[in-house]
Protein chains: 2
Amino acid sequence: MGYCCLMAVDREHVLRSAADLLTRRSTATMDEVAKAAGISRATLHRHFAGRDALVRALESLGIEECEAAVDAARLDDGPAGEAVRRLVREIQPAAGLLAFLYGESQLWEGEPQNDGWARLDARIGAVFQRGHQSGEFRVELTPAWLTEALYGLIASGAWAVQDGRVAARDFPTMVAELLLGGATRREES
Amino acid sequence: MGYCCLMAVDREHVLRSAADLLTRRSTATMDEVAKAAGISRATLHRHFAGRDALVRALESLGIEECEAAVDAARLDDGPAGEAVRRLVREIQPAAGLLAFLYGESQLWEGEPQNDGWARLDARIGAVFQRGHQSGEFRVELTPAWLTEALYGLIASGAWAVQDGRVAARDFPTMVAELLLGGATRREES
DNA sequence: CCAGTGTGAGACATTGACGTCTCACATGGG
DNA sequence: CCCATGTGAGACGTCAATGTCTCACACTGG
């Protein structure tokens, strides 16, 4: 009955367009989500029991994409700074979804957050810690804060791109260079 | 009838507690906002015609506090980096409100935004531009992006403080030093 | 004392989104 | 050909938040 493949493709497509829409308008209606996916609200409900289920599925998708980006970035290889640059580049396609989830996570107060985020926080925090230990990064900025700031800058960057204030091709530079080097100009070394 | 003074004080108090609450839970009910202010929902409606009016009043309050912080920071004086540090320090008390409004502004799509934001963007963007012209700041990072990133980092910092991931006393350092200097350690000059 | 004013409490209708259900239709496989 | 499965359209009922209204009460100044 083609359950695993056809359904999965459809579900994937629905998730993608829902992510696209909710990234722009995080309060979009189930109706709008359905229209955006080109299906009816009834069919949307057949895939996802309700809005909560949809958001939780998007959360899982976001975690998967982040993990994939972290894998692809090989955070343990080479200088920590280069690892962060690779991470930002790999994570750009998921930036919109991340921005949506970052805003949404401010609302889930009390509910136990998905373990996936804790795992990701640990993996990303580790690269900043490595930078500290190697003397590459400043010790005044804690790994927890740098991780938080990375999420925040990714969200800000995604919104700036969406509103046309930043070109999409400049996203990796803007985010990574600000996070790593800051605004102040380097002295020639 | 004491309209201008007594009403203003009450209105101010209501706005403050609404800002406190909505900073933590941006979807709080009018009922909850009223409880938080220690008044009834009816009285809340007597001060603010509806939720929209409340949010718009909070927006005006946020703009006022930002303008005050920008004034107090004397952005035109001294090195641009020091000006940004002063700005972050002055703006910290309003950081929670700013974070709420920053998230909310993602929803006002289409509606003409308050001129106040444009004025603030211009004033803050100017200090980054000044840093560019003086050679103090890197030209790869545009003033528009640095302004956006400043808002984003302030919001991230406010949330991190609220969740206890960063100490309130470290807020100015974390935000300003990341924005200006980035994570990479400076060579001794 | 008393009139005026602001307030709290609560009832009420409205609105918008949600979740469930039914039914007709189409498409594809046996 | 015919049946089955998935879909679209739409009609409900539900529920939470909102906005409006009324009424009783407390306080305050004349």
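All names here are of chain A. Its identity is not glycine, yet arginine 74 carries a phi of approximately 45°, on the positive side. In this structure, arginine 74 sits in the loop between helix 4 (51-73) and helix 5 (80-91). Arginine 74 gets classed as partly exposed once you look at its relative accessible area, which sits at 43%.

With that out of the way, let us pick up the nonpolar core. Of all hydrophobic cores here, the largest spans 129 residues; its most connected members are A:Leu58, A:Trp145 and B:Trp145. With sequence-adjacent residues up to four places away left out, A:Leu58 is seen in contact with A:Leu15, A:Ala18, A:Ala19, A:Leu22, A:Leu97, A:Phe100 and A:Leu101.

Glancing now at the packing of aromatic side chains. One pass over the structure, following the stated rule, counts 4 aromatic pairs over all chains. Look at A:Tyr102 and B:Trp159: their rings are 5.7 Å apart centre to centre, the planes differ by 75°, and that puts the pair in the edge-to-face class. One end of the pair, A:Tyr102, is in helix 6 (residues 95-105); the other, B:Trp159, is in helix 8 (residues 143-162), on a second chain. Classification of A:Tyr102 by relative accessible area gives buried; the value is 11%. The exposure class of B:Trp159 is buried, given its relative accessible area of 11%.

The subject of this paragraph is the domain arrangement of chain A. Interfaces are often sized by the accessible area lost when the parts come together. Residues and elements named next belong to chain A. According to the domain assignment, chain A consists of domain 1 (1-48) and domain 2 (60-181). Facing 8 residues of domain 1, the contacting portion of domain 2 comprises 7 residues. When the two sides are added together, the surface that domain 1 and domain 2 hide from each other amounts to roughly 650 Å², 63% of it contributed by carbon and sulfur. Across the contact surface, domain 1 and domain 2 share 1 salt bridge. For arginine 16, the salt bridge identified is with glutamate 65, shortest N-O distance 2.5 Å. Connecting domain 1 to domain 2 are 2 residue pairs in polar contact (both at pLDDT 80 or more).

The rules behind these values
Residues numbered from 1 in each chain as written. Chains lettered and ligands numbered in written order. Predicted model: local features only at pLDDT ≥ 70, side-chain atom pairs only at ≥ 80, totals over all residues. Heavy atoms only, no water. Helix = DSSP H or I, 4+ residues; strand = E, 2+ residues; numbered from the N terminus. Buried < 20%, exposed > 50% of the residue type's maximum accessible area, 1.4 Å probe, protein only. Core = buried A, V, L, I, M, F, W, Y, C linked by side-chain atoms within 4.5 Å. Contact = heavy atoms within 4.5 Å. Phe/Tyr/Trp six-rings, centres within 6.5 Å; stacked < 30°, edge-to-face > 60°. Domains from an automatic or database assignment. Buried area = accessible area lost by both parts, 1.4 Å probe. Salt bridge = Lys/Arg side-chain N within 4 Å of Asp/Glu carboxyl O. Polar contact = N/O pair within 3.5 Å; in protein donor to acceptor, adjacent residues only side chain to side chain.

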